[in-house]
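The lines below spell out each chain.
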Amino acid sequence: HTIYELNKLESDHAETKLELRRYFKAMSTSVELSSRVLHFADESHKRSYMMSLKPSITNMLSESLIAEIILSQRSKFLVGDGYTYDGHPLFQIMSDSFAHVFLDVCKSFEGVVYAHDEIIFAADTWSGQLFVTAHGIYRLSSRIEDKTFDKPQWFCEVSLFTRTLHRSTLTAVSFADAYTLPSSA
């Protein structure tokens, strides 16, 4: 049954692309814009498998298996992998001392896919969520310096506790994905 659901997801994606092409043709959308949208749809579809399972699949799994999948998938971005990336100290403490709370926090994060050159947050705008980068290349620009990176990093954790402004701009240099935790979570 799981293989059927996976095949159905691929079929649904193909139908979505066909529907987009029909729409672009009917609306006389430029080839350049159509290509960018279809490319983003493909990348988003590929990355969605890395970010979370579809409800039609999770409905077939037990709660404990879903919890294990979520922990396996997301915890490395929150507590680090022990080799190339040091996680956030708050999440490390939570993971070590309060496993059920950490699981609930992992479940509260939402996966987001960003397009090439998309601004994720801009300097001098309100910060309303924590960002944890996962895959892709990013550029962090401030008044002092620009820094490009491709390893997981977290941003704006203070927004979970108080209202604050971004001090820099984060841009996805490539197609990228991240996890966000809204301050209201």
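Up top is the structure these notes are about.
So, here's what we can say about the structure. All of these numbers come straight from a predicted model, not from anything done at the bench. (Residues numbered from 1 in each chain as written. Predicted model: local features only at pLDDT ≥ 70, side-chain atom pairs only at ≥ 80, totals over all residues. Heavy atoms only, no water.)

Quick word on the overall build of the protein chain
Note the following rule: Numbering goes from the N terminus for both helices and strands, where a helix is a DSSP run of H or I of at least four residues and a strand is a run of E of at least two. Residue exposure (1.4 Å probe, protein chains only): buried if accessible area is under 20% of the type maximum, exposed if over 50%, otherwise partly exposed. In this analysis, two residues are considered to be in contact whenever any of their non-hydrogen atoms come within 4.5 Å of each other. Shrake-Rupley sampling with a 1.4 Å probe provides the accessible areas, and residues are treated as covered by the protein chains on show and by no other component.
Helix and strand counts for the protein chain come out as six helices and 10 strands. Taken over 185 residues, the protein chain has a buried fraction of 36%. Contacts spanning at least 24 positions in sequence make up 71% of the contacts within the protein chain whose residues lie at least 6 apart. Surface accessibility of the protein chain: about 11300 Å² in total, with carbon and sulfur atoms responsible for 57%.

Focus: the nonpolar core
Our working rule: Residues grouped as a nonpolar core are buried Ala, Val, Leu, Ile, Met, Phe, Trp, Tyr and Cys residues, joined through side-chain atoms within 4.5 Å.
L78, F91, F102, V105, F109, L130 and V132 are the most contacted members of the largest nonpolar core, which has 16 residues in total. With sequence-adjacent residues up to four places away left out, L78 is seen in contact with G87, H88, F91, F102, C106, F109 and V132. Core analysis: the second largest hydrophobic core is formed by 13 residues, Y138, L140, F155 and A176 among them.

Description of unusual backbone geometry
Look at S28: it is not a glycine, yet its phi comes out positive at around 50 degrees. Along the chain, S28 turns up in the loop between α1 (2-26) and α2 (31-51). Exposure remark for S28: the relative accessible area of 65% places this residue in the exposed category. The residue C156 is not glycine, and still its phi comes out positive at about 70 degrees. Note on placement: C156 falls in the loop between β7 (154-155) and β8 (164-165).

Here we look at the packing of helix α5 (residues 89-97) against helix α6 (residues 99-108)
Operational definition: To obtain an axis, a line is fitted to C-alpha atoms, over the contacting stretch when the element is a helix, and the angle between two such axes runs from 0 to 180 degrees between their N-to-C directions. By definition in this entry, angles of less than 35 degrees are roughly parallel, angles greater than 145 are roughly antiparallel, angles of 65 to 115 are roughly perpendicular, and the rest are oblique. Polar here means any residue other than Ala, Val, Leu, Ile, Met, Phe, Trp, Tyr, Cys and Pro, which are nonpolar, and Asp, Glu, Lys and Arg, which are charged; Gly is therefore polar.
Running from amino to carboxyl end, α5 crosses α6 at an angle of 130 degrees, the nearest separation of the two axes being 6 Å. When the axis of α5 is compared with that of α6, the two are oblique. Seen from α5, the contacting residues are F91, M94, S95 and S97; seen from α6, they are A99, V101, F102 and V105. Here the contact of α5 with α6 is composed, by residue class, of six nonpolar, two polar and no charged.

Overview of the side chain of T133
Basically, it comes down to this: Polar contacts here mean pairs of N or O atoms no more than 3.5 Å apart (in protein, one a potential hydrogen donor and the other a potential acceptor; neighbouring residues in sequence count only if both atoms are side-chain atoms).
Summarising the element assignment, T133 is placed in strand β4 (residues 129-135). Here Q153 takes part through its backbone nitrogen, which lies 2.8 Å from a polar atom of the side chain of T133.

Thoughts on the sheet that holds strand β1 (residues 110-114)
Short version of the rule: Being paired, for any two strands, means DSSP has found at least two bridges between them.
Ordered in space as β1-β10-β4-β7, the four strands form an open sheet in which the pairing is antiparallel. The open sheet has two edge strands, β1 and β7, and neither has a second partner. Packed onto the sheet, helix α4 (residues 63-79) meets β4 and β10 (176-182) and runs at close to 110 degrees relative to β4.

Digging into the pattern of salt bridges
Selection criterion: We count a salt bridge whenever a side-chain nitrogen from Lys or Arg sits within 4 Å of a carboxyl oxygen from Asp or Glu.
Tallying each qualifying case throughout the model produces two salt bridges. Put simply, D124 and R143 hold a salt bridge, and the shortest N to O gap is 2.9 Å. Placement of D124 in the loop between β2 (118-121) and β3 (126-127) and of R143 in the loop between β5 (138-141) and β6 (146-149) is noted, with a sequence separation of 19 residues between them. Of the residues examined, D124 reaches a relative accessible area of 46% and is grouped as partly exposed. Classification of R143 as exposed rests on a relative accessible area of 69%. Among the ionic pairs, D150 bridges to K151, the shortest N-O distance being 4.0 Å. Look at D150 and you get partly exposed, because its relative accessible area is 46%.

Looking at the packing of aromatic side chains
Just so we agree on the cut-off: A pair of aromatic rings is counted whenever rings of Phe, Tyr or Trp (Trp by its six-membered ring) have centres within 6.5 Å, and the orientation is called stacked for planes under 30 degrees apart, edge-to-face for over 60 and tilted otherwise. Comment: the charge-over-ring label is applied if NZ (Lys) or CZ (Arg) is within 6 Å of the ring centre and within 35 degrees of the ring normal.
One pass over the full model with this rule turns up six aromatic pairs. Seen in terms of ring centroids, F77 and Y179 are 5.7 Å apart; in terms of plane orientation they differ by 40 degrees. Their pairing is tilted. Linking F77 in helix α4 with Y179 in strand β10, this pair joins segments that are 102 residues apart in sequence. Overall, the relative accessible area of 2% leaves Y179 in the buried class. Geometrically, the ring pair formed by F149 and F155 is tilted, given 5.9 Å between the ring centres and 35 degrees between the ring planes. Taken as a pair, F149 and F155 share a single burial class, namely buried. Joined through ring pairs, the aromatic side chains of F121, F131, Y138, F149 and F155 make up one cluster. When the ring centre of W126 is taken as reference, the NZ or CZ atom of R163 above it lies at 3.7 Å.

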